[in-house]
Amino acid sequence: MAAHSGRSIAVKMTDVCRHFGDVKAVDHLDLEIYDGEFFSLLGPSGSGKTTCLRLIAGFEHATSGSIELHGVEMVKWAPRRIGFVTVGQRLVSVPPYERDVNTVFQDYALFPHMSVGDNVAYGLMIQKVPKAERQRRVSEVLDLVRLPGYESRKPAQLSGGQRQRVALARALVNRPRVLLLDEPLGALDLKLRQQMQIELKAIQQQVGITFVFVTHDQEEALTMSDRLAVFNRGRIEQIGVPAEIYERPTTGFVAGFVGTTNLISGALAQRINGSDQAVSIRPEKIHMVALDAAVEPGWKAVMGSVRDVIYLGMHTRYLVELEGGGDLTVVQQNLETSSIDVHASRGNRVKLTWDTTSIRVLQGQTV
Amino acid sequence: MTGDASSRPSWWRRVAIYLYQRPNLSLVLLLALPLLWLAVFYLGALVSLLIQSFFKLDGFTGRIVRQFGLETYQQLFTAANMDVVYRTVIMAAVVSVACAVLAFPLAYFMARYASYRVRGILYLAVLIPLWSSYLVRVYTWKIILAQEGIITWFFNVLGLKPVLDALLAIPLIGGSSLSFSFIGMFLVFVYIWLPYMVLPINAALERVPKSLIEASSDLGGRPNYTFWRVILPLTVPGIIAGSIFTFSLTLGDYIIPSVIGNSSFFIGRAVFAQQGTAGNIPLAAAFTVVPMVIMGVYLVVAKRLGAFDAL
């Protein structure tokens, strides 16, 4: 990408595979993550995003391929020996404790027998940082995650959100060049989660470390990331900035997984787009207008009738059955309407219009 | 609701509803039998034992004098009897340490590396000896350890006879053959009690989440560091639990010291001899109080050292 030329690469994965027997957890993966960026790995469970993160951390070993951290190769060929006889080669990885990355675990993985202070100081103890500096850095990082003075507490005495912050502090205190986060907000309730999303992003901008963030929540990935990769079945479907992923999905899977969409193929696609290639159009890009409303140039119009109405507070989702077969989901903001109004529209004949440029032609499989 | 709607609920359902609405009564019914058992056979026996230890034997008539006094304990604290106590405690301690050292790697392998299948086989291997008679196994070991036994033969074949002889020539723990020495007794104790150490350590290791080990490694901890700072501290309760078994079982055992070794007295044998042969039930009771006190002190010290903090 032109925008990133000249920026150094923090993580580079080239043709990486991780197979467990017949299961291809990660399959021919290519990925470049730039220094200082907030990069998300988004996908449903079992799509390979966590395995990808664990490959970067060093907990998993690649079956084949190359993983570079700041230009240093982490996967190497070594001779396979029986006694003194070399019988072949095997792939070996640099162990996690030799890598300049730190991980925030999904279950936080705080040491239950140590205080918060000892947990956070764990990495500094290993690096033999002198005691005075250690204490200063621990208290600094606890300030950063807004847990000042919590050094002597035990993890069992903390709430889920507080444990999450301790886990973050324990990783950040080592000043790693890359921070790996494995669904760190997954166990938090919605409010706390939204608050932590903002805080995490703020902390990332403050410390300037590369964040690699695994999530299955597309909204989380869109709001937090500089760029993201959408995973499906061990492969990356699309990499891009959030708006690009949302507005210009290249595959049916991405269109369907990131946000909701109308996936159209076959005869309906032929009628709408003039070709039977599968297309996607976001429900909010379709306008529901009065039957006699004029159609702007460059816009397409079809007629239909409202079959179903789902009132969602801020907006309403309509399922519209088209004249000539097929249906489309349309989302309209409830600017002046009430739930009584929208429910009354069931069965109404309506005109749907959209800008033809908001139609995305898809490649590959759909969801 | 099932059945005929017009009929009253069956008596069985009425009982169920009655109990559901009275959780305390349900609890009493649940615990009545085990509590009765505990009170009568455990606590009752224990209290009776304690009381007996404060009685004394009239040396002239051979009758037990049912009067509270400390004469029996004075008798216990004589040099000869204290030798028995020291000997037993040292043996129990050494056996426990040896069991822990042997059991830990095995338990670690079972918990961390063994496949589901291999783990099952290892569990069986650990448990199968417990299915056969304890007495048979001890006598089998007597034969294995005897002068003409397979171990002596093996040392001969390997040309290591001098090593065995040197081992047996060590004063105190040596003897005429392995089966007549403390070394042999130690081996049999370790063999017999090892399963009781493997299982609790294995259970403790299985409770250590894999992510903690990964976290330590992620923060720069080499395997050695991770072991001492994370794995071992979290497994200590299991080791303590195992050592409670091996320690107290060794303290109380009387068969192994009777069959293997140089027939010197251990607490178990002393109790057996005092209450069976000598008819001195108070002294036998006082001897039995010793392991109880030792275990109590051991647990308090372990707790003070923070062994149970991770529980």
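How each quantity is defined
- Residues numbered from 1 in each chain as written.
- Chains lettered and ligands numbered in written order.
- Predicted model: local features only at pLDDT ≥ 70, side-chain atom pairs only at ≥ 80, totals over all residues.
- Helix = DSSP H or I, 4+ residues; strand = E, 2+ residues; numbered from the N terminus.
- Rg over C-alpha atoms; globule rule 2.2 N^0.38 Å.
- Buried ≥ 20, exposed ≤ 12 C-beta atoms within 10 Å, placed from the backbone.
- Contact = placed C-beta atoms within 7 Å.
- Axes fitted to C-alpha atoms, helices over the stretch in contact; angles between N-to-C directions.
- Parallel < 35°, antiparallel > 145°, perpendicular 65-115°, else oblique.
- Left-handed = near helix turned anticlockwise from the far one by under 90°.
- Nonpolar A, V, L, I, M, F, W, Y, C, P; charged D, E, K, R; others polar.
- Pairing = 2+ DSSP bridges.
- Domains from an automatic or database assignment.

A. Expanded view of the overall build of chain B. The number of helices and strands found in chain B is 14 helices and 2 strands. Its C-alpha atoms give chain B a radius of gyration of 26 Å, clearly above 19 Å, the size a compact globule of 311 residues would have. The principal-axis extent of the C-alpha atoms belonging to chain B is close to 90 × 70 × 40 Å. Classification of the 311 residues of chain B by burial places 31% in the buried group. Sequence-distant contacts in chain B: of pairs separated by 6 or more residues, those separated by 24 or more amount to 69%.

B. Geometry of the overall build of chain A. Within chain A, the secondary structure is distributed over 10 helices and 20 strands. For the C-alpha atoms alone, the extent of chain A along its principal axes is close to 80 × 55 × 40 Å. Residue burial in chain A is summarised as follows: out of 367 residues, 37% are buried. Within chain A, residue pairs in contact and separated by at least 24 positions form 64% of the contacts whose partners lie at least 6 positions apart.

C. Quick peek at the packing of helix α11 (residues 223–252) of chain B against helix α14 (residues 281–304) of chain B. All names here are of chain B. Packing of α11 against α14 brings their axes to within 10 Å, and their N-to-C directions diverge by 165°. Our classification of the angle between α11 and α14 gives roughly antiparallel. In this structure, α11 crosses over α14, and the sense of that crossing is right-handed. Side by side, α11 and α14 meet where I240, I244, S248, L251 and G252 of the first sit next to P291, I294, M295 and A302 of the second. Of the residues assigned to the contact of α11 with α14, the class counts are 7 nonpolar, 2 polar and no charged.

D. Summary view of the pairing of strand β3 (residues 38–42) of chain A. Residues and elements named next belong to chain A. With 5 of its 5 residues buried, β3 lies for the most part within the structure. Across 5 bridges, the pairing between β3 and strand β10 (residues 210–215) is parallel. Each bridged residue has a counterpart across the sheet, and for L41 the counterpart in β10 is V214. The sheet contact formed by β3 and strand β11 (residues 227–232) spans 4 bridges and is parallel. In the sheet register, L42 faces β11, and the bridge partner there is V230.

E. The interface of chain A and chain B, seen in detail. Taken residue by residue, the interface counts 18 residues in chain A and 17 residues in chain B. Only β8 (101–104) and α2 (116–126) of chain A provide two or more residues apiece to the side of chain A that touches chain B. In terms of residue count, the dominant contributor to the side of chain A that touches chain B is α2 of chain A (3 residues). Class assignment for the residues of the side of chain A that touches chain B results in 11 nonpolar, 6 polar and 1 charged.

F. Spatial organisation of the sheet that holds strand β14 (residues 279–281) of chain A. Residues and elements named next belong to chain A. Spatially, β13-β14-β20 is the arrangement adopted by the 3 strands of the open sheet, whose pairing is antiparallel. Strands at the two margins of the open sheet, each flanked by one partner only, are β13 (262–264) and β20 (360–361). Of the strand pairs in this sheet, β14 and β20 are connected by 2 bridges, and their pairing is antiparallel. Within the sheet, the bridge partner assigned to V279 lies in β20 and is V361.

G. Highlighting the domain arrangement of chain A. Residues and elements named next belong to chain A. Here chain A is described as being made up of domain 1 (2–251) and domain 2 (257–361). Placing the centre of domain 1 and that of domain 2 at their C-alpha centroids yields a distance of 40 Å. Tallying the contact residues gives 7 residues for domain 1 and 5 residues for domain 2. Classifying every residue of the side of domain 1 that touches domain 2 by side-chain character gives 5 nonpolar, 1 polar and 1 charged.

H. Representation of the domain arrangement of chain B within the structure. Residues and elements named next belong to chain B. Per the domain assignment, the segments making up chain B are domain 1 (11–53) and domain 2 (75–304). Distance from the C-alpha centre of domain 1 to the C-alpha centre of domain 2: 35 Å. At the interface, 4 residues of domain 1 touch 6 residues of domain 2. Residues of the side of domain 1 that touches domain 2, tallied by class, amount to 2 nonpolar, 2 polar and no charged.

I. The pairing of strand β4 (residues 64–69) of chain A, seen in detail. Residues and elements named next belong to chain A. Both strand β1 (residues 9–20) and β4 contribute to a ladder of 5 bridges, which runs antiparallel. Along β4, the bridge assignment pairs M13 with I67. Sheet analysis places β4 next to strand β5 (residues 72–73), joined by 2 bridges and oriented antiparallel. If you follow E68 over to β5, its bridge partner there is E73. Hairpin geometry of β4 and β5 is characterised by an intervening segment of 2 residues between the two adjacent antiparallel strands and by a positive phi of about 50° at H70.

J. Expanded view of the sheet that holds β1 of chain A. All names here are of chain A. Pairing in this open sheet of 4 strands is antiparallel, and the strands run β2-β1-β4-β5 from one edge to the other. With partners counted over all chains shown, the strands left at the sheet margins are β2 (23–34) and β5, one partner each. Summarising the sheet, β1 and β2 pair through 8 bridges and their orientation is antiparallel. Across the sheet, the residue bridging to V16 is L29, located in β2. The strands touched by helix α1 (residues 49–57) within the sheet are β1, β2 and β4, with β2 carrying the most contacts at an inclination of about 65°.

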